[in-house]
Amino acid sequence: MQHDETPHNTVLGVFATDDEAYVFMDAVKDDYPDGVICSSFPIPYRSTDGAVRYRTAD
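Keep in mind it's a predicted model, so treat the numbers as computed, not measured.

As a further point, take the environment of Val36. Within the fold, Val36 resides in strand β2 (residues 36-40). Here Val36 falls in the buried class, since its relative accessible area comes to 1%. Placed 25 residues apart in sequence, Val36 and Val11 show a C-alpha to C-alpha distance of 9.7 Å.

Our next topic: the packing of aromatic side chains. One pass over the full model with this rule turns up one aromatic pair. Residues Phe15 and Phe24 carry aromatic rings whose centres are separated by 5.4 Å and whose planes lie at 40° to one another, so their mutual orientation is tilted. Overall, Phe15 belongs to the partly exposed group, its relative accessible area being 29%.

Glancing now at the nonpolar core. Note that soluble globular proteins tend to have their nonpolar side chains buried in a common cluster. Within the largest apolar cluster, five residues are counted, these being Ala21, Tyr22, Met25, Val36 and Cys38. At the level of secondary structure, the elements contributing two or more residues to this core comprise α1 (18-28) and β2.

About the criteria used
Residues numbered from 1 in each chain as written. Predicted model: local features only at pLDDT ≥ 70, side-chain atom pairs only at ≥ 80, totals over all residues. Heavy atoms only, no water. Helix = DSSP H or I, 4+ residues; strand = E, 2+ residues; numbered from the N terminus. Buried < 20%, exposed > 50% of the residue type's maximum accessible area, 1.4 Å probe, protein only. Phe/Tyr/Trp six-rings, centres within 6.5 Å; stacked < 30°, edge-to-face > 60°. Core = buried A, V, L, I, M, F, W, Y, C linked by side-chain atoms within 4.5 Å.

Purely geometric stuff here, so don't read any function into it on its own.
Next up, the structure:
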C-alpha cells in the first residue's frame, strides 16, 4: 500500500492478505488527501508476470 502525497509514493505497509490491506487502507485514507493506492501481487512477484491488481481509496 502506498500514498500519493509525494512523487515517491511512500509505502505505508505490506500485508499478508487483501482483507488486512483494505482494513488498513480504510483506516488511513483520510490522512492522505491525494489518495491511497493498494496493489496486490502474488509472491513471488516479477514485473514481467503481467498480473497487476489495484484498488484506490479517495
